[in-house]
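The chain contents come next:
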Amino acid sequence: DTFVLTAFVSFVLGLVFLVLLRFFIGICVWIAVFCTILAFFFGGGFLFVLSGQCAGTGLLETGKQVSVAVVVAGQAAATNAITGESVSEALTGDGADYRGRQERSKYGKKCLTWETQTLFPAYRASNYTALSPATVAKNYCRNPYKAGDANKAKTIWCITSDPAIKWEECLPIGVIQPECPH
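A brief structural summary. (Residues numbered from 1 in each chain as written. Predicted model: local features only at pLDDT ≥ 70, side-chain atom pairs only at ≥ 80, totals over all residues. Heavy atoms only, no water.)

**Quick word on the pattern of salt bridges**
Argument step 1. By the definition in use, this model includes 3 salt bridges.
Argument step 2. Between R101 and E85 there is a salt bridge, with the nearest N and O atoms lying 2.9 Å from each other. Separated by 16 residues along the polypeptide, R101 in the loop between α2 (59-83) and α3 (134-137) and E85 in the loop between α2 and α3 bring together distant segments of the chain.
Argument step 3. Overall, the relative accessible area of 30% leaves R101 in the partly exposed class.
Argument step 4. A residue is classified by how much of its surface remains accessible, and E85, at 40% relative accessible area, is partly exposed.
Argument step 5. Across the pair E169 and K106 runs a salt bridge whose closest N-O atoms are separated by 3.6 Å. With E169 in strand β2 (residues 167-169) and K106 in the loop between α2 and α3, the pair connects residues that are 63 residues apart, well separated along the chain.
Argument step 6. When its relative accessible area of 16% is taken as the criterion, E169 is described as buried. (Salt bridge = Lys/Arg side-chain N within 4 Å of Asp/Glu carboxyl O. Helix = DSSP H or I, 4+ residues; strand = E, 2+ residues; numbered from the N terminus. Buried < 20%, exposed > 50% of the residue type's maximum accessible area, 1.4 Å probe, protein only.)

**Concerning the state of the cysteines**
Argument step 1. Applying the stated criterion across every chain yields a total of 2 disulfides.
Argument step 2. The disulfide partner of C141 is C170, and the gap between their sulfur atoms is 2.1 Å. Since a negative S-S torsion denotes a left-handed disulfide, the C141-C170 link at about -70° is left-handed. With a gap of 29 residues between them, C141 in the loop between α3 and β1 (157-159) and C170 in the segment after β2 connect regions that are remote in the sequence.
Argument step 3. Taking the relative accessible area as the measure of exposure, C141 reaches 0% and is therefore buried.
Argument step 4. Here C170 falls in the buried class, since its relative accessible area comes to 1%. (Disulfide = S-S within 2.5 Å.)

What follows is the structure, encoded as structure tokens:
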């Protein structure tokens, strides 16, 4: 009795399982394909960020810098496509000749307008040719200095809107992974 009942229940459960498997196999396959694509996407992104990580910097710091650079480059490309304008983002040496339109620091902080900021009032178009004319410099990253200045930045920078961080270096639009300093 018990053997026949167990065999019959096992047969019915096996049949139910096969019928359910027939209906859900497609969903299971698509979920597996989706998870595999997701794993490749995130794994590739992780390795891309890791490949550009400089010695002494953290993974999250590098990841934030790369994501800010990608978003800014995308916004600039969309704006240039809509307006039909294209501005050179060329940066040579310390960036004294940079005339691009980067308006965010390398960690994504919004730059203040040079002419209206009050943190460093000496940095105005009347004092530095890199900020002239004021209508062109706006809140774009620059490296303004005079020949005799003691304090020269090593690259372009701006005065940030973050009260905790007064100024910060910038990367030209399109530079996703900057060169490591050492």
